[in-house]
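Here is how the chains run, residue by residue.
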Amino acid sequence: MKSPARAFWLASPGEGEIREVPVPEPAEGEVLVRSLYSGISRGTETLVFRGGVPRSQYAAMRAPFQEGDFPGPVKYGYLNVGVVERGPAGLLGRTVFCLYPHQTRYVVPASAVTPVPESVPAERAVLAGTVETAVNALWDAAPMVGDRIAVIGGGMIGSSVAALLARFPGVRVQLVDTDQDRARTAEALGVAFAAPEDALGDCDLVVHASATEQGLARGLELLAAEGTLVELSWYGDRRVALPLGEAFHSRRLTLRASQVGTVSPARANRTYAERLALALDLLADPALDALITGESDFDELPDVLPKIASGEIPALCHRVAYPGA
């Protein structure tokens, strides 16, 4: 038997709708999850929403439980928190995180859900995928005690990275952004804030997450000799000019990419599941609530996502609630 659920679909670039979808009975080794909350990652999901995924990246950008194909129709998303209504006894009734799109109920293999620690509220657990990206970035960046660090871009990912770096002993961390409103987020996270022109230089490490040419260029300027810039931005179908002349070579700078789709080679002994479990443990810190900047009900998504994509609704992580799902 199949029972109906409701899911958010991108019908075509810039136009979303809620569809009724069938949900099968869970088989052995599967779970039926009722959604409590999901999260909208402004960077990636708005790129998908406007149809900006390059054709060459269609396969790489697929979400684990995506249906349909880019540019649409497509069911996309990966920050879902729900409660297990059917499944193995050890998971029954547990609050879990899953890389699932925006949908009221769904069935997935039991191995696809991760229990949320009791110390982490379900409302905050939607950040697990974001903090997981930050964990992987820091495994790639390998910051050291006493490092001088700038994080450029105070969006969802950059703020998460800065929040984790603030826990490192003896480091100097600045969150750098052109939007002065991000200073409040930085303060809530316990991180210093600076406009790009005021940022402290001589950095051992810069983490770039602004997805702008200007941010990337400023990040290279802030590095000390032999410094490293870790690039987290996803530019989609945009080409980016990179200033590799001037003193780039004489200062022997390093530019490297980080992407959550692969566990950092620096932690090759860790699994995806272990990385996600670590991210959930880190979410016990209530300061990370500062990354959630708005909430709306699931039924409002067709109206809300265009406003997030256009910037009419400013957002880091926008939370979606499922009342009565």
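K.L.:
Report on the state of the cysteines, specifying residues and quantitative values.
P.N.:
Within this structure, the stated rule accounts for 0 disulfides. Unpaired in this structure, C317 has its nearest cysteine sulfur neighbour in C98, at a distance of 16 Å.

K.L.:
Please set out the pattern of salt bridges residue by residue, giving values where relevant.
P.N.:
One pass over the structure, following the stated rule, counts 18 salt bridges. For R105, the salt bridge goes to E85, with nearest N and O atoms at 3.1 Å. Here the residue R105 occupies a position in strand β8 (residues 105–109), and E85 occupies one in strand β6 (residues 80–86), the gap between them amounting to 20 residues. Through salt bridges with shared partners, one network takes in R34, E85 and R105.

K.L.:
With reference to specific residues and values, describe helix α5 (residues 182–189).
P.N.:
For α5, the full list of buried residues reads R182, T185, A186 and L189. Along α5, the residues classed as buried sweep out an arc of 100° about the axis, all on the same side. What points out from α5, more than 90 degrees from its buried face, is the exposed set R184 and E187. Close packing links the buried residues of α5 with α1 (42–49), α4 (156–165), β11 (172–176) and β12 (192–194).

K.L.:
Mind laying out the side chain of R182, listing which residues take part and the relevant values?
P.N.:
As for its position among the elements, R182 is in helix α5. Residue R182 is classed as buried on the basis of its relative accessible area of 15%. Within the local environment of R182, its side chain forms a polar contact with the backbone oxygen of G154, the two atoms lying 2.8 Å apart. Residues contacting R182, with those up to four places away along its chain left out, are R42, G154, G155, D177, F193, A315 and L316.

Cut-offs applied
- Residues numbered from 1 in each chain as written.
- Predicted model: local features only at pLDDT ≥ 70, side-chain atom pairs only at ≥ 80, totals over all residues.
- Heavy atoms only, no water.
- Disulfide = S-S within 2.5 Å.
- Salt bridge = Lys/Arg side-chain N within 4 Å of Asp/Glu carboxyl O.
- Helix = DSSP H or I, 4+ residues; strand = E, 2+ residues; numbered from the N terminus.
- Buried < 20%, exposed > 50% of the residue type's maximum accessible area, 1.4 Å probe, protein only.
- Arc of directions from axis to C-beta.
- Contact = heavy atoms within 4.5 Å.
- Polar contact = N/O pair within 3.5 Å; in protein donor to acceptor, adjacent residues only side chain to side chain.

Geometric descriptors of this kind do not, in isolation, establish any biological role.
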